Amino acid sequence: MTQAAAGSELDERVPGRRWIVRLDPVGRGSAEVRVSCGRPACADRRLPSAAAGRTAAVAHLTAHLRATPAPRADTYCACRADGCRAHLPDTGRNARTEQPWRCGGPVVLTVITDRAGRWWQALECCSQCAAATPGARTAAISLPSAPRTVGRPTPAAAGTGAGTPQFSDQQVTSQTGCPTPLPVPAPRPVPARRRRPPETRIGRRVIPRDLRPVSLRDELTELGDLFRAYQKRPEPDLALLAALQERKARAFLTWSDVSCDVTLRLEAQRAEQAAAAIRRQHQHRTGCVPDGDEPGVVRLLTVPVQWEHARSVLAHVAGHTPLPGAEARLLVLMLTLRTAHTGTGNLVGQDVDALGLTDPEDMVEQLTGCGWLSLPGTVGDLLASRPENPTPVTVPSLVPDEDGTGPFTFGRKTRPKLSGWAQRVVSDKKLRKAKAPAGARLLAVTLATWTDDVGRLGPGGRGVTLNALTTRIPVGSRELRDLIDRLTAADWLTDAALTDTHLTGRLTERVLPLTCPLLN
């Protein structure tokens, strides 16, 4: 009788809803994935990556959960066919007489997720099955249904308690025969744990709290903090790092003598070797290397005399350009370097076109019109000339006097080196790719001559004064800021900061070979 009643109760229930959202690869050699849903009305989607697929799958399942009605209280578990832990296993024996399943609690809408993130399953099941399923999360819970009075025995009438599942937190009252929840005890307070003070370290070594002398412990603690602060620096400082390694070597030697630990002495020796290697690397980068060694930065202009000649040409051009504006000054600079020794030189149209001028033909005509530049033909002939037939040009103000003296003191072999250096700067690959204007190229040439040995702007890295900068670059403050941003975007300048008085920053590693360091 009891078994028949339980069977009729199961027959009255309807199967729980269930559907699954899957994430599958499209094919071998492709990063695309396919998102499919078990609902018949949902079409498959293809997405370019697994991350995008997971996002779309979770959003699709979330939309289903929001649109799905609340779980029905008269359903039986959708997980019964999956060997759920909350159901009796099929052993072939007679089922238990009191109840053929071990479900309990209200019906809930549960979401089960694959650990690898390949599928998401939503199903209706009882709360006990949801609790027994690893990784299951409850999305919604059903409302209690009205008590059944027809064709379903109550626990009191059956006499066996086979109707509604009974749990340890409920008891049946004698008056109503309905389960009454027992008071739930309050959770035990979590005992407060004593936190041990953090260990002080230098590298992987723990500094003992009882290390003596105290001055040694303080030195090791400070060194550990300095090394950690150095790792957070945006730019390396090899001189500082070498000094830290030397301090570490001395401190570890003292620590080894105090604690009689041989491994500390070996670590001190490694610190000494690291300090020597870093110091040598710093010397190579700055060019201060012993005789016979190759410098770390091979500059296009190799000797300090050439650096001074480049600065002298820039200073001369700043005071002798016949036309206003950055474009005229850049063109005058390049023509001066071509004709600096004798006042004459060869030029082709490509040399003028590579300067980023707005109207090259008009600019050359203005220089010839004011008498600063002399051409044997027309400006069009100059711009159309090729390397196989260059155009000879003359700058009368640069022609030497009768005694052979001119505005510059460098010789015939130095002039092409200076001209080639300036041409390399203004036709830099990233400047050309960014279509940098003439003002940005003139600023690049100027800053290349105003750095220290590691590329920091100004003497000692203290920056370039704004008055000196505007004297060389004839632009306003707003346009100057735009030119600085262009050089930063072209990977020419980094850490740039423009104030009311100075421009600070440094040139990037890739352009260090084009710099002319200031002499101390």
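This structure is a prediction, so every number in the text was calculated from the model and none was measured.

The rules behind the values
Residues numbered from 1 in each chain as written. Predicted model: local features only at pLDDT ≥ 70, side-chain atom pairs only at ≥ 80, totals over all residues. Heavy atoms only, no water. Buried < 20%, exposed > 50% of the residue type's maximum accessible area, 1.4 Å probe, protein only. Helix = DSSP H or I, 4+ residues; strand = E, 2+ residues; numbered from the N terminus. Patch = residues over 30% accessible without salt bridge, like charges linked within 9 Å, V, L, I, M, F, W, Y side chains within 5 Å. Areas by Shrake-Rupley, 256 points an atom, 1.4 Å probe, with all protein chains shown as cover. Salt bridge = Lys/Arg side-chain N within 4 Å of Asp/Glu carboxyl O. Lys, Arg positive; Asp, Glu negative; His and termini not counted. Charge placed at Lys NZ, Arg CZ, Asp CG, Glu CD. Polar contact = N/O pair within 3.5 Å; in protein donor to acceptor, adjacent residues only side chain to side chain. Contact = heavy atoms within 4.5 Å. Pairing = 2+ DSSP bridges. Axes fitted to C-alpha atoms, helices over the stretch in contact; angles between N-to-C directions. Core = buried A, V, L, I, M, F, W, Y, C linked by side-chain atoms within 4.5 Å. 1 Å grid on protein atoms, 1.4 Å probe; cavity = no way out; pocket = protein on both sides within 12 Å on 5 of 7 lines; lining within 4 Å. Points joined across faces, edges and corners; volume = space filled by probe spheres on them. Nonpolar A, V, L, I, M, F, W, Y, C, P; charged D, E, K, R; others polar.

Draft legend 1. Focus on unusual backbone geometry. The amide bond that connects Arg212 to the next residue, Pro213, takes the cis arrangement and shows omega of 5°. At Cys260, a position not held by glycine, the phi torsion is positive, near 55°. The phi dihedral of Asp491 is positive, around 60°, even though this residue is not glycine. The exposure class assigned to Asp491 is partly exposed, which follows from its relative accessible area of 31%.

Draft legend 2. Region of the structure containing the environment of Asp453. Locating Asp453 in the fold gives a position in the loop between α15 (438–448) and β15 (464–465). Between the alpha carbons of Asp453 and Thr515 there is a distance of 8.5 Å; along the sequence they are 62 residues apart.

Draft legend 3. Main features of a negative patch on the surface. A surface patch of like charges, here negative, comprises Asp359, Glu361, Asp362 and Glu365. The topology assignment puts Asp362 in helix α11 (residues 360–369).

Draft legend 4. Focus on the side chain of His64. Structurally, His64 can be placed in helix α2 (residues 50–67). One polar contact links His64 to His60, side chain to side chain, over a distance of 3.1 Å. With residues near it in sequence (within four places) discarded, His64 still touches Trp19, Cys37, Arg39 and Cys42.

Draft legend 5. Here's a closer look at the sheet that holds strand β17 (residues 502–507). An order of β15-β17-β16 is seen for the three strands of this open sheet, with the pairing classed as antiparallel. Strands with a single pairing partner mark the edges of an open sheet, and in this sheet they are β15 and β16 (493–498). Pairing between β16 and β17: four bridges, direction antiparallel. Within β17, the residue paired with Leu493 across the bridge is Leu507. In this fold helix α17 (residues 477–489) packs onto β16 and β17, with an angle of close to 160° to the strand it touches most, β16.

Draft legend 6. View of the nonpolar core. Leu373, Trp421, Leu443, Leu447, Leu469, Leu487 and Trp492 are the most contacted members of the largest nonpolar core, which totals 69 residues. Ranked by the residues each element gives to this core, the list is headed by helix α9 (residues 326–339), at nine residues. Sequence-distant contacts of Leu447, defined by excluding residues within four places in its chain, comprise Leu457, Leu469, Leu487, Leu493, Leu503 and Leu507. In this structure, Ile202, Tyr230, Ala251 and Leu264 belong to the second largest nonpolar core, which totals 18 residues.

Draft legend 7. Fine view of empty space enclosed by the protein. This structure, assessed with the given rule, holds four cavities of 30 Å³ or more. The space that makes up the largest cavity amounts to roughly 70 Å³. Contributing to the lining of the largest cavity are Leu331, Met334, Leu335, Arg338, Leu347, Asp351, Val352, Leu355, Ser419 and Gln423. Elements represented by at least two residues in the lining of the largest cavity include exactly α9, α10 (349–353) and α13 (414–426). Per-element tally for the lining of the largest cavity: the top contributor is α9, with four residues. Looking at the lining of the largest cavity residue by residue, the classes come out as six nonpolar, two polar and two charged. When its volume is computed, the second largest cavity comes out at roughly 50 Å³. Forming the walls of the second largest cavity are Leu314, Val317, Ala318, Arg329, Leu333, Leu442, Thr446 and Arg472. Here the lining of the second largest cavity takes three residues from helix α8 (residues 304–320), the largest share from any one element. In terms of residue class, the lining of the second largest cavity is built from five nonpolar, one polar and two charged.

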